[in-house]
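Observations on the three-dimensional arrangement
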Amino acid sequence: MLTKTVLGSFLIMALTSTANAKGGDEYLEQAKQFASQRSIKKAVRAFKKATRYSNTKEAATIGLAKFLADNKDFETASNVMSSYLKKENPFSIEGHLFYADLLITRGDYEASKKEIDIMRVLRPTWAPGKEIVGLIAAYERKTDEAISNLSFFLNENPNGYRARMARGKTFLLIGKHAEAVTDFKILSEQNPEDVTVHE
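Residues numbered from 1 in each chain as written. Predicted model: local features only at pLDDT ≥ 70, side-chain atom pairs only at ≥ 80, totals over all residues. Heavy atoms only, no water.

All right, on to the packing of helix α3 (residues 57-70) against helix α4 (residues 74-88) then. Where α3 meets α4, the axes come as close as 7 Å, and the angle between the chain directions of the two elements is 160°. One element, α3, and the other, α4, form an angle in the roughly antiparallel class. The handedness of the crossing between α3 and α4 comes out as left-handed. Contacts from K57, E58, T61, I62, L64, A65, L68 and A69 of α3 reach α4 at F74, T76, A77, V80, M81, Y84 and E88. Partitioning the contact of α3 with α4 into residue classes produces 10 nonpolar, 2 polar and 3 charged. (Axes fitted to C-alpha atoms, helices over the stretch in contact; angles between N-to-C directions. Helix = DSSP H or I, 4+ residues; strand = E, 2+ residues; numbered from the N terminus. Parallel < 35°, antiparallel > 145°, perpendicular 65-115°, else oblique. Left-handed = near helix turned anticlockwise from the far one by under 90°. Contact = heavy atoms within 4.5 Å. Nonpolar A, V, L, I, M, F, W, Y, C, P; charged D, E, K, R; others polar.)

Shown next, in the form of structure tokens:
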């Protein structure tokens, strides 16, 4: 039979963990609101507070890095993700995916490939990972690898703009004009205002 002291300890632990979860969620929600209002200092502060809670640490870290990247601070965004993946959670599939994507945006394809290699081990048939592999292959003009990976991603995400654009361009490279036209036609229907697609 549990003593009152032990029962009291369990109750305090349960209440503390509920309070911690609530606090993390509140800070994360605040961060998203500040980010949508373009209030940089407040958003960064709220994201950082949300990273202190175990239930929101990953989402807040990725959210912070994404917000920094959206505001063209790619170096700090990269540092945030690199530190998180090395020191906090090396098995974060979402973290490796976002970091790989961020590195592509910076044009660092070699570093991105290292993140992809880790992601392939953690989840080899994950569609978002296949997109990144396909984008890198398209950049390197490895046409078969690009088309197969981008097609895998597009089967699950038919509205994937980047993947469809990259696949259409890859089809053009190898002279498959009908397939390229099909991809660009779908893109023009999905994005009627996009001048790049019409070009």
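Quick look at the packing of aromatic side chains now. As enumerated under the stated definition, the model contains 3 aromatic pairs in all. Aromatic side chains Y27 and Y53 sit 6.0 Å apart centroid to centroid with 35° between the ring planes, which places their arrangement in the tilted category. Here Y53 lies in the loop between α2 (40-50) and α3 and Y27 lies in helix α1 (residues 4-36), a separation of 26 residues in the sequence. With relative accessibility at 24%, the residue Y27 sits in the partly exposed group. Judged by centre distance (6.2 Å) and plane angle (40°), the ring pair of F47 and F67 falls under tilted. Taken as a pair, F47 in helix α2 and F67 in helix α3 lie far apart in primary sequence, 20 residues in all. The side chain of K130 reaches across the aromatic face of F152, ending 5.2 Å from its centre. (Phe/Tyr/Trp six-rings, centres within 6.5 Å; stacked < 30°, edge-to-face > 60°. Buried < 20%, exposed > 50% of the residue type's maximum accessible area, 1.4 Å probe, protein only. Lys NZ or Arg CZ within 6 Å of the ring centre and 35° of its normal.)

Attention now moves to the pattern of salt bridges. A full pass over the atoms with the stated rule returns 11 salt bridges. Two residues, E145 and R120, come together in a salt bridge whose shortest N-O distance is 3.6 Å. Here E145 is found in helix α8 (residues 143-156), whereas its partner R120 is found in helix α6 (residues 109-122), with 25 residues between them in sequence. Measuring nitrogen to oxygen at the nearest pair gives 3.3 Å for the salt bridge that ties R162 to E131. On the criterion of sequence distance, the pair formed by R162 in helix α9 (residues 161-173) and E131 in helix α7 (residues 127-139) is long-range, its members being 31 residues apart. Judged by relative accessible area, E131 falls into the buried class, the value being 9%. In the salt-bridge network here, residues are joined through shared partners; they are E110, K113, E140 and K142. (Salt bridge = Lys/Arg side-chain N within 4 Å of Asp/Glu carboxyl O.)

All right, on to the nonpolar core then. Counting residues in each nonpolar core, the largest one holds 24 residues, and the members touching the most others are F47 and M81. Here this core takes 7 residues from α3, the largest share from any one element. In this structure F47 touches L28, A31, K32, A35, A60, G63, L64 and F67, once residues within four positions along its chain are discounted. In this structure, W126, V133, I136 and A146 belong to the second largest nonpolar core, which totals 21 residues. (Core = buried A, V, L, I, M, F, W, Y, C linked by side-chain atoms within 4.5 Å.)

A few words now on the packing of α3 against helix α5 (residues 93-105). The N-to-C vectors of α3 and α5 enclose an angle of 10°; their axes lie 10 Å apart at closest approach. Of the possible angle classes, the one that applies to α3 and α5 is roughly parallel. On α5, the residues that touch E58, I62, A65, K66 and A69 of α3 are E94, G95, F98 and L102. A per-class count over the contact of α3 with α5 returns 5 nonpolar, 1 polar and 3 charged.

These figures come from the coordinates and say nothing about function on their own.
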